[in-house]
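Next come the chains, spelled out residue by residue.
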Amino acid sequence: MSHSNSLIDEAKNKDYFYKRMSGKDGRLVYFPGNLPVTFIKNPLDLKMQLITLEGCGGGIFYKPEALHDAYQLYLAITLLVEAQRRCRGLGSAQPKPSDPQEVSVLEAFKGKIPNQGGLAPHAGLEYLLMYTKQKKVAYFLHSIPSEFHSNPLGLSLRQRDTPCGLGVIYYVEGKEKEAENLFFEIKSSKSALDFDANARIGKILGYKSEDIDEYNEFLVDRSSCRSSAGQE
């Protein structure tokens with residue numbers, strides 16, 4: 001289970017996230033990059049709103065009942081962007097939040113993991129979740145969020161390569177065992193359809209059981225579609 005940008009882009013193109021928002025389980029979804037056309041056009045006329053993230057790109061689509069969580073998420077992401085800007089301006093310095101408002105917002109973010117679905121429940125939020133101690137380990141396959149490089153909030157981050165150069169593992173200091181377990185699981189996994197391995201990897205990454213199941217279901221549907229296309 002990894003954060004493959006190509007897999008997420010594929011899911012966007014197949015309206016995976018929009019279909020989820022049209023169901024009862026979909027409450028909000030955060031897109032750190034470009035916004036999917038389907039969400040902008042909203043063909044099913046879903047009752048959802050958009051908070052755009054000026055200065056850092058992306059946006060948060062949410063249903064009315066998820067307004068509070070969406071706003072808290074917006075504040076936390078905005079403060080992270082401001083911290084990154086300060087970090088760049090101060091060179092090698094890595095200041096932690098000192099303003100009372102910043103601290104209170106980040107504290108309020110604890111326990112507020114937005115459920116974006118099993119495919120990428122933490123996408124774009126990994127650094128914040130590690131700062132608020134809701135995530136111990138992060139795994140990136142194709143690209144690494146810039147905040148893991150600049151480390152604007154001064155986390156005690158460590159990193160290690162994965163087997164055969166397949167991505168990078170980040171972990172907070174003191175969680176070496178979890179990082180080692182993740183390394184072993186990635187190395188031992190036979191394929192993307194190794195569901196038992198996906199479950200173990202997902203748990204190390206802090207995903208909920210229902211999100212892991214949904215991720216596996218997406219892979220099954222994806223594999224079935226490709227098999228059908230090959231038989232035509």
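Before going into details, it helps to say that this report is about the structure given with it. These numbers come from a predicted model, not from an experiment. (Residues numbered from 1 in each chain as written. Predicted model: local features only at pLDDT ≥ 70, side-chain atom pairs only at ≥ 80, totals over all residues. Heavy atoms only, no water.)

1. Focus on a nonpolar patch on the surface
Then step 1. Together, Leu193, Phe195 and Val220 line one region of the surface with nonpolar side chains, adding up to about 220 Å² of accessible area.
Then step 2. Relative to the elements of secondary structure, Leu193 occurs in the loop between α8 (176-188) and α9 (195-204). (Patch = residues over 30% accessible without salt bridge, like charges linked within 9 Å, V, L, I, M, F, W, Y side chains within 5 Å. Areas by Shrake-Rupley, 256 points an atom, 1.4 Å probe, with all protein chains shown as cover. Salt bridge = Lys/Arg side-chain N within 4 Å of Asp/Glu carboxyl O. Helix = DSSP H or I, 4+ residues; strand = E, 2+ residues; numbered from the N terminus.)

2. Overview of the sheet that holds strand β3 (residues 59-62)
Then step 1. Strands sit in the order β1-β3-β2 across an open sheet of three strands; the sheet is antiparallel. The open sheet is flanked by β1 (28-31) and β2 (49-52), the only strands paired with a single partner. Adjacent strand axes in the sheet meet at a mean angle of 15° when their direction is disregarded.
Then step 2. By the bridge criterion, four bridges tie β2 to β3 in an arrangement that is antiparallel. Across the sheet, the residue bridging to Leu50 is Phe61, located in β3. (Pairing = 2+ DSSP bridges. Axes fitted to C-alpha atoms, helices over the stretch in contact; angles between N-to-C directions.)

3. As for the pattern of salt bridges
Then step 1. Scanning the model with the defined rule gives five salt bridges in all.
Then step 2. Measuring nitrogen to oxygen at the nearest pair gives 3.4 Å for the salt bridge that ties Arg158 to Glu173. Highlighted residues: Arg158 in strand β5 (residues 157-161) and Glu173 in the loop between β6 (168-172) and α8, separated in sequence by 15 residues.
Then step 3. With relative accessibility at 35%, the residue Arg158 sits in the partly exposed group.
Then step 4. One salt bridge connects Arg200 with Glu185, and the closest N-O pair in it is separated by 2.9 Å. Remark: Glu185 occurs in helix α8 and Arg200 occurs in helix α9; sequence separation between them is 15 residues.
Then step 5. Its relative accessible area of 40% is what places Arg200 among the partly exposed residues. (Buried < 20%, exposed > 50% of the residue type's maximum accessible area, 1.4 Å probe, protein only.)

4. A closer look at the packing of aromatic side chains
Then step 1. Tallied over the entire structure, the rule returns 12 aromatic pairs.
Then step 2. A centroid spacing of 5.1 Å and a plane angle of 75° characterise the contact between Phe31 and Phe39, whose relative ring orientation is edge-to-face.
Then step 3. On the accessibility criterion, Phe39 (4% relative accessible area) is buried.
Then step 4. Centre to centre, the rings of Phe148 and Tyr170 are 4.8 Å apart; their planes meet at 50°, and the pair counts as tilted. (Phe/Tyr/Trp six-rings, centres within 6.5 Å; stacked < 30°, edge-to-face > 60°.)

5. Considering the nonpolar core
Then step 1. Counting residues in each nonpolar core, the largest one holds 27 residues, and the members touching the most others are Ile77, Phe148 and Leu157.
Then step 2. Secondary structure elements with two or more residues in this core: β1, β3, α4 (67-89), α6 (126-131), β4 (137-140) and β6.
Then step 3. Counting residues in hydrophobic clusters, the runner-up holds 14 residues, among them Tyr16, Met48, Phe61 and Phe218. (Core = buried A, V, L, I, M, F, W, Y, C linked by side-chain atoms within 4.5 Å.)

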